[in-house]
Amino acid sequence: MYYRVIFCIIGIGRRNSHPDAVVNMMMAGANIVRLNMSHETEKWHAITVQSIREAGNKMYEFTSEVYPLGVAMNLRGPEIRTGSFHSDETSIGYAKLKEGNMAKLVTDDMTKRAGNAKCFWISYRDLPRVCRPGDRILIDRGAALLQVACIHEKAVTCKVIKGGIVRDDKLVQLLDSVISLPQISEKDTKHLKLASILECDFLIMNHTRNEKMIYGIKSRLKHIGVSRICVMAKISTQQGIENFDEILNSADGILLDRKSVEVDVGSEKLFLVEKVVIAKCIKMGKPIVLGFQVCNNETPDIDMNLIANAVLNGVDAIFLKTGSLNMKESTQLLKDVDRVCREAESARWQKEIFDELSHKVPIPLDPLHAIIVGAVETSLKSSAAAIIVTTTTGRSAALLSMYRPRCPILAVTRYGVVARWLQLYCGIHPLHYRVDAVSDWARDIQARIQSGINSFRRKGYIRVGDPVVVVSGWRQGIGFTNCVRIIYVSPGHVENQIEDFEPCW
């Protein structure tokens, strides 16, 4: 039995962004690559997207299939960061904070690039106003911890509680202070236009605190004429967890940043937050991604047990922050994660999951939803090797993924952007089927199904004689999916013998 893989989103940096590196990562299991707008220049990101497109062309030469690699742009979002450390010649680009020493955090822009271990710039101008003596300030997700000792007009003096190395432009979190940041920054608005130009498939909103931030992003996208993009909410703060229900309703998907959430809720409650967030996303049919910090002191270091537990809990995809890794390290990491995900997936009790989800869904269902439930149950009863679905918008495939069938789902679509969107959903293998205008719609559907069967046979997911559940429409257009049938894989490229597309059970 070939278990479906939990898909991977991987971070792109200077050391793994060239076309050959992207090709190797795609072959190792990467489905979506992320561009972090908090780092590098816009020109660098544009060149990187060009490399990703070039890598896609190379993959087509290798496999004769269009590989729908998604591109996600991670917006900077409303956040607080350090400046640059350039005033000390012995430590250019970083500062070593020693436990017990004092450090002055300055908000004056004149000191933005003149930081050192004793004094450095912070991007939040209201820092002296919101801080109180005794408040804790975390830098770079735990690299250093400070405690406010004295407040000045444009600065805050702190005592270093936990020492460490702090580098340029790192994240700053005020653990005990109530802060007020803009919903969407000017840079985010600028990056939205860049995402439109680069034809990105996903937008990840950093530090999402409420639904207004998601609606703000979507309204700006609508204003600039962009509609075909998936907006994901990145949950990384206590406020985001408290407002999670409203965020889930407004976002197209959720990315839970484990490392950042752990800072706010504590390591003892992190597992509970994960389980609650994953369960709510599955119930709503929204994709849920868990983010994992890969590097420790610039070397790969990740607990594979955490990956396995995430799969067992029902996560759709794994996000690996690998921007500092080179091509060889990134490829090997993906292979290891892919292997662990497959093993964990094989340990899940799919029948119990389906029964629980199908009984909890409110009835009456809309026709498409009812057909999908029937298709998943048919695949279980017939021990189907795969489910093949023809889709235009991707909704049929997304609903199939929601019920977590045991067999893999192959979604055949004529639209590349839909194929890339579907990379985010658990168990879906999207196939971008390129075809010229066809006058005979029934023959076109038959060709799509056959191309899906051929693709899965080449990859070893199905064999000759295996039963396959096919979900398709009864007529051309959107919203007409109501046909479920079982076919058996034939040798060669023999067409299916069923000539009509009447629903059969």
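Residues numbered from 1 in each chain as written. Predicted model: local features only at pLDDT ≥ 70, side-chain atom pairs only at ≥ 80, totals over all residues. Heavy atoms only, no water.

Novice: Mind showing me how you'd approach the packing of helix α1 (residues 19-28) against helix α2 (residues 42-63) here?
Specialist: Helix packing for two helices is described by the angle between their axes and how far apart those axes are. At a minimum axis distance of 8 Å, the contact between α1 and α2 shows a crossing angle of 55 degrees. The angle between the axes of α1 and α2 places the two elements in the oblique class. With respect to the hand of their crossing, α1 and α2 are arranged in right-handed fashion. From α1, Pro-19, Asp-20, Val-22, Val-23, Met-26 and Met-27 reach across to α2, where they touch Ser-51, Ile-52, Glu-54, Ala-55, Gly-56, Lys-58, Met-59 and Phe-62. Classifying every residue of the contact of α1 with α2 gives 9 nonpolar, 2 polar and 3 charged. (Axes fitted to C-alpha atoms, helices over the stretch in contact; angles between N-to-C directions. Helix = DSSP H or I, 4+ residues; strand = E, 2+ residues; numbered from the N terminus. Parallel < 35°, antiparallel > 145°, perpendicular 65-115°, else oblique. Left-handed = near helix turned anticlockwise from the far one by under 90°. Contact = heavy atoms within 4.5 Å. Nonpolar A, V, L, I, M, F, W, Y, C, P; charged D, E, K, R; others polar.)

Novice: Help me understand the sheet that holds strand β6 (residues 102-106), please; the structure alone is not making it clear to me.
Specialist: Paired through backbone hydrogen bonds, the strands of a sheet run either parallel or antiparallel to each other. Ordered in space as β4-β12-β8-β9-β10-β6-β7, the 7 strands form an open sheet in which the pairing is mixed. For this open sheet the edge positions go to β4 (80-81) and β7 (119-121), each flanked by a neighbour on one side alone. (Pairing = 2+ DSSP bridges.)

Novice: What is the right way to look at the pattern of salt bridges in this model?
Specialist: Pairing is possible between side chains that carry opposite charge, provided their charged atoms lie close to one another. Taken as a whole, this structure holds 23 salt bridges when the rule is applied. Of the charged contacts, one joins Arg-420 and Asp-201 as a salt bridge, the two residues approaching to 2.7 Å between their closest N and O atoms. Of this pair, Arg-420 sits in helix α15 (residues 416-421) while Asp-201 sits in the loop between α4 (186-198) and β13 (202-205), placing them 219 residues apart in sequence. Bridged by salt links that share partners, the residues Arg-76, Glu-79, Arg-81 and Asp-169 form one connected network. (Salt bridge = Lys/Arg side-chain N within 4 Å of Asp/Glu carboxyl O.)

Novice: Is there a simple way to explain the state of the cysteines in this structure?
Specialist: Structurally, a disulfide amounts to a covalent bond that connects the sulfur atoms of two cysteines. Taken as a whole and judged by the stated rule, the model has 0 disulfides. A disulfide-free cysteine, Cys-150 has its sulfur positioned 9.8 Å from the sulfur of Cys-158, the nearest such atom. Cys-150 gets classed as partly exposed once you look at its relative accessible area, which sits at 34%. (Disulfide = S-S within 2.5 Å. Buried < 20%, exposed > 50% of the residue type's maximum accessible area, 1.4 Å probe, protein only.)

Novice: Looking at this structure, I do not really get the sheet that holds strand β23 (residues 467-473). What am I missing?
Specialist: With mixed pairing, 5 strands are arranged side by side in an open sheet as β22-β21-β20-β23-β24. The outermost strands of the open sheet, each flanked by one partner alone, are β22 (428-432) and β24 (481-488). Neighbour-to-neighbour, the strand axes of this sheet turn through a mean angle of 20 degrees, independent of strand direction. Sitting on the sheet, helix α13 (residues 367-381) is in contact with β20 (386-390), β23 and β24, with an inclination near 15 degrees to β24.

Novice: Got a minute to help me understand the side chain of Lys-286 in this structure?
Specialist: Positionally, Lys-286 belongs in the loop between α9 (267-284) and β16 (288-293). Although Lys-286 is buried, it makes no salt bridge; Asp-252 carries the closest opposite charge, 5.8 Å away. Ignoring anything within four residues of it in the chain, the contact list for Lys-286 reads Leu-248, Asn-249, Ala-251, Asp-252, Cys-281 and Asp-316. (Lys, Arg positive; Asp, Glu negative; His and termini not counted.)

Novice: Which parts of the structure should I look at to understand the layout of surface pockets?
Specialist: Empty space among the atoms can be located by rolling a probe the size of a water molecule over them. Size it by volume and the second largest pocket reaches roughly 890 Å³. Forming the walls of the second largest pocket are 32 residues, and the residues nearest its centre are Arg-76, Lys-112, Trp-121, Ser-123 and Lys-187. Residue contributions to the lining of the second largest pocket peak at 4 residues, all from α4. The residue makeup of the lining of the second largest pocket, split by class, is 7 nonpolar, 11 polar and 14 charged. (1 Å grid on protein atoms, 1.4 Å probe; cavity = no way out; pocket = protein on both sides within 12 Å on 5 of 7 lines; lining within 4 Å. Points joined across faces, edges and corners; volume = space filled by probe spheres on them.)

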